[in-house]
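# Observations on the model geometry
The lines below spell out each chain.
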Amino acid sequence: RGNLPLLRRVISEYDDQRTETLEAARRILELLTRSAGTVEDQRRELNLLIADPSTPPLLAALAQNRIGDFDAAADRLADALRCYQRTIAEYPEQTEAVAAAHFAQSRVLFEQGRFEDSVRVYERIEQRLRPRDDLFYIRARRGFIRQTLLKAEAEYRSNDPALARATFVSLLDYDPSIVEA
């Protein structure tokens, strides 16, 4: 815990050094949650961090995502989705945290069997995160393709081959070079 002020200073003063600030924020979250004990204690620490007006936005956004991760792990999926949505809505300029929230949101929607919604999240990420050489864009594109393929397979397994075929065709319309479709 003695390193927390130094790590917060790195985030505040060197925000143009994205790799270093992300690592500092992750270390702060790790230190806070490791020393807190139970998951509820960890949640309390993270909520205090988020509520503190001096907390840098990047750190608050990642803390919000971490709470969503706790909820998802505890199978409180609706709460997890709300946490991720809060990150997306309240910290739009924190690209890394917002992208992580979108990815987590899509995962939760898929776990709920909401395949179409899961795919739409990836579409939104892809549209938002251009240019095409951006790492998050590439992850979003791969995720979109994977989620769409999983959706089509689920449709096929549930004895709806026409819908599965339409999903595969829509994927080929998106990019004819997708061999799996």
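The coordinates are above.
I will try to describe carefully the structure that is included in this document. (Residues numbered from 1 in each chain as written. Predicted model: local features only at pLDDT ≥ 70, side-chain atom pairs only at ≥ 80, totals over all residues. Heavy atoms only, no water.)

## Examining the overall build of the protein chain
A tally of helices and strands in the protein chain yields nine helices and zero strands. Starting at the N terminus and ending at the C terminus, the protein chain contains elements arranged as α-α-α-α-α-α-α-α-α. The centroid of the 27 positive side-chain charges in the protein chain is displaced by 1 Å from the centroid of its 30 negative side-chain charges. (Helix = DSSP H or I, 4+ residues; strand = E, 2+ residues; numbered from the N terminus. Lys, Arg positive; Asp, Glu negative; His and termini not counted. Charge placed at Lys NZ, Arg CZ, Asp CG, Glu CD.)

## Overview of helix 9 (residues 161–174)
Between its terminal C-alpha atoms helix 9 stretches 20 Å, which fits the 20 Å expected from 14 residues at 1.5 Å a residue. Buried residues of helix 9: Ala164, Thr167 and Leu171, and no others. What you see down the axis of helix 9 is that its buried residues fit within an arc of 60°, all on one side. In helix 9, those exposed residues whose orientation departs by more than 90 degrees from the buried face are Ala162, Arg165 and Asp173. (Expected span 1.5 Å × (residues − 1). Buried < 20%, exposed > 50% of the residue type's maximum accessible area, 1.4 Å probe, protein only. Arc of directions from axis to C-beta.)

## Things to note about the packing of helix 2 (residues 18–36) against helix 3 (residues 39–51)
At a minimum axis distance of 8 Å, the contact between helix 2 and helix 3 shows a crossing angle of 140°. Judged by the inter-axis angle, helix 2 sits oblique to helix 3. Along this stretch, helix 2 crosses helix 3, giving a crossing that reads as right-handed. Contacts between helix 2 and helix 3 involve Leu29, Leu32, Thr33 and Ala36 on the former and, on the latter, Asp41, Gln42, Glu45, Leu46 and Leu49. Tallied by class, the residues present in the contact of helix 2 with helix 3 amount to five nonpolar, two polar and two charged. (Axes fitted to C-alpha atoms, helices over the stretch in contact; angles between N-to-C directions. Parallel < 35°, antiparallel > 145°, perpendicular 65-115°, else oblique. Left-handed = near helix turned anticlockwise from the far one by under 90°. Contact = heavy atoms within 4.5 Å. Nonpolar A, V, L, I, M, F, W, Y, C, P; charged D, E, K, R; others polar.)

Note that every value here comes from positions in space, so none of it alone points to a role or purpose.
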